[in-house]
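Each chain, letter by letter, is given below.
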Amino acid sequence: MSNAMFCYQCQETAGNKGCTQVGVCGKKPETSALQDVLLYVTKVLGQIVTLLRTQGVTVEHGVDRMATANLFATITNANFDDEMLAERIRNTCAANKALTAQLNSTADLSDAALWQASDKASMLAKAGVAGVLHTADEDIRSLRSLITLGLKGMAAYAKHADVLGSSDPEADAFLHATLAKLLDDSLSADDLTALALETGSMGVRVMALLDTANTSAYGHPEITEVNIGVGSNPGILISGHDLRDLEMLLQQTEGTDVDVYTHSEMLPAHAYPAFKKYAHFKGNYGNAWWKQKEEFASFNGPVLLTTNCLVPPSDNYKDRVYTTGAVGFPGCRHIPGEPGENKDFSPIIDHAKTCPPPTQIESGTIVTGFAHNQVFALADKVVSAVKSGAIKKFVVMAGCDGRAKSRTYYTEFARNLPKDVVILTAGCAKYRYNKLDMGNINGIPRLLDAGQCNDCYSLAIIALKLKEVFGLNDINELPLVFNIGWYEQKAVIVLLALLSLGIKNIHLGPTLPAFLSPNVANVLVEKFGISGITTVQDDLKAFFG
Ligand code: FSO
Ligand code: SF4
């Protein structure tokens, strides 16, 4: 059967090879083609912007925003709306034309720069050259994919910082220049391998930017018990990673008798001091993104998706799903608003008032808030527990959760860890074990949740601090194991970031990315000791003896 599409960007890709007829995520061939074309015109934008910058022309920040928003819209489970994607393609082509007119010389531009989209048919006709398989050499294709997917994750984090008024011109310039290099056929596999690591280093910088933006705006996360039950008011459920959207929603719902609950990756928001003043910020409802079909149904009220991961909604709750930012789904209402603008969430609030309160599905509390500042506040306790041998090892189990049955591995792994091991986590991966009673060691919880997937930055900072405290030369000498679950492209930038920090022997599961060709996978194994996972018993033995 010939391919109707090709996408292999996430962990759930069909047969761990590629989605070729329809996405396992529900993405349709036409949507996939439009995402490919959007990526293509954004690479062209990168080429033009990079040339303009070398010619000394100042490029407006709006152009950087266009690139990051385009990349974000192509992340897994972010945008399924063909009209929105086509609109982005048209706008980007218009920007390409206007920016090209400012160049002194167009000699260094590829032919692609001259292409202008008109109707959807013209866009779909371009999908062949825009798609992943257009790169014939499988290693070059693999490296280009690794970099592209890392850039998507980086763009998402840059966007979150940007809505809080923080941007980094160097990171924006890097993004454009790297996108441009993905169109450059003269780059060898070695060049691209080096570029992947540079992308990781810039990923660290952007995660640091976001960390500072978040903590400057909302304070440093602190240990927080989060209610997982429900109250008696109608509620709005907010999912995704955008803290600025949450802030605006909390402000606008204050005094309305509508409560706000978090879902999936929004859970760590409860740990920020700035959000604690809202009495109607009730708790966390449900689990990781992939359980939303049942959980959005039983929530009864409207749901706001600020970022991925959106699962194509069922008809029984679709009219309650709202999207904003890079997210889109045909038939779901979209709340507009650019960075810096105040979004109007009144349609969601009015909708909530007509809905019954959420149906309780769980009760009790879970604990979050162990970002770097909070862990440093406990540093003396942690260091003495390590010195006394009460804590033998730490295991970083950050990353994503997903539907795959094989992910029960992470629950069993956590449950069966030796009692002197502490888990450091971030991202939605934690839902596989954050409701187990892990206990504590000398008052230090055995599960330390630093926050969202971008807060893996916190985990890296904690590891670097421990290295310093114990006077080690190499971060890899720490009693620290990395056993990371991945799903989508933010995990790719996190992985590249960790590699750029010199962290070795990362275990990645539940499967290794399909976009790694055998040769590229070998490089990662030989240079960085990356490996997959095996069985819980064998891995426990290998990691902890
Ligand atoms: Fe999860 Fe989805 Fe945060 Fe991802 S909710 S899977 S890595 O978007 O971004 O951890
Ligand atoms: Fe398949 Fe993942 Fe791409 Fe969706 S995002 S089409 S599941 S590889």
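Residues numbered from 1 in each chain as written. Chains lettered and ligands numbered in written order. Predicted model: local features only at pLDDT ≥ 70, side-chain atom pairs only at ≥ 80, totals over all residues. Heavy atoms only, no water.

*Asks:* For helix 16 (residues 456-469), give the residues involved together with the corresponding values.
*Replies:* For helix 16, with 14 residues, the first-to-last C-alpha span of 20 Å sits near the 20 Å given by 1.5 Å per residue. Inspection of helix 16 places C456, Y457, S458, L459, A460, I462, A463 and L466 among the buried residues, and these make up the whole buried set. Phi turns positive one or two residues past the end of helix 16, at G471, with a value near 60°. (Helix = DSSP H or I, 4+ residues; strand = E, 2+ residues; numbered from the N terminus. Expected span 1.5 Å × (residues − 1). Buried < 20%, exposed > 50% of the residue type's maximum accessible area, 1.4 Å probe, protein only.)

*Asks:* Any chance you could break down helix 9 (residues 243-253) for me, citing the residues and the numbers?
*Replies:* In an α-helix, one full turn covers 3.6 residues, which means residues spaced three or four apart are oriented alike. Counting buried positions along helix 9 gives 8 out of 11 residues, so the element sits mostly inside the fold. Its side-chain oxygen 3.0 Å from the backbone nitrogen of R244, D242 forms the N-cap of helix 9. Phi turns positive one or two residues past the end of helix 9, at G255, with a value near 75°. (Polar contact = N/O pair within 3.5 Å; in protein donor to acceptor, adjacent residues only side chain to side chain.)

*Asks:* Please set out the site of ligand 1 residue by residue, giving values where relevant.
*Replies:* Lining the immediate surroundings of ligand 1 are 14 residues, of which E265, C309, C428, C453 and E488 lie closest. Here an oxygen atom of ligand 1 and a backbone polar atom of C428 are 3.2 Å apart. Within the side chain of K490, a nitrogen or oxygen atom sits 3.3 Å from an oxygen atom of ligand 1. Each residue belonging to the shell around ligand 1 can be placed in one class, and the counts come to 6 nonpolar, 5 polar and 3 charged. (Near = heavy atom within 4 Å. Nonpolar A, V, L, I, M, F, W, Y, C, P; charged D, E, K, R; others polar.)

*Asks:* Just give me the short version of the nonpolar core, but keep the residues and values in it.
*Replies:* Grouped together as the largest cluster of nonpolar side chains are 125 residues, with contacts concentrated most on I89, L151 and F394. With 13 residues, the single largest contributor to this core is helix 1 (residues 29-54). Not counting residues within four places of it along the chain, the set of residues in contact with F394 comprises V382, V386, V422, L424, L466, P479, L480 and V481. By size, the runner-up hydrophobic cluster in this structure holds 23 residues, among which are I238, L249, A269 and L304. (Core = buried A, V, L, I, M, F, W, Y, C linked by side-chain atoms within 4.5 Å. Contact = heavy atoms within 4.5 Å.)

*Asks:* Hey, could you go over the domain arrangement of the protein for me, with residue numbers and the actual values?
*Replies:* What the domain assignment lists for the protein is domain 1 (14-217), domain 2 (224-353) and domain 3 (369-544). Taking only C-alpha atoms into account, the centre of domain 1 sits 28 Å from that of domain 2. The interface is formed by 22 residues belonging to domain 1 together with 20 residues belonging to domain 2. Three residues stand out in domain 1 for area buried against domain 2, namely N77, F80 and V163, and they jointly supply 29% of the buried area on that side. Where domain 1 touches domain 2, the interface holds 0 salt bridges. Listed by contribution, the elements that provide at least two residues to the side of domain 1 that touches domain 2 are helix 2 (61-73), helix 3 (82-100), helix 6 (138-162) and helix 8 (189-218). For the side of domain 1 that touches domain 2, the leading source of residues is helix 2, giving 4 residues. For the side of domain 1 that touches domain 2, the class distribution of residues is 11 nonpolar, 6 polar and 5 charged. (Domains from an automatic or database assignment. Buried area = accessible area lost by both parts, 1.4 Å probe. Salt bridge = Lys/Arg side-chain N within 4 Å of Asp/Glu carboxyl O.)

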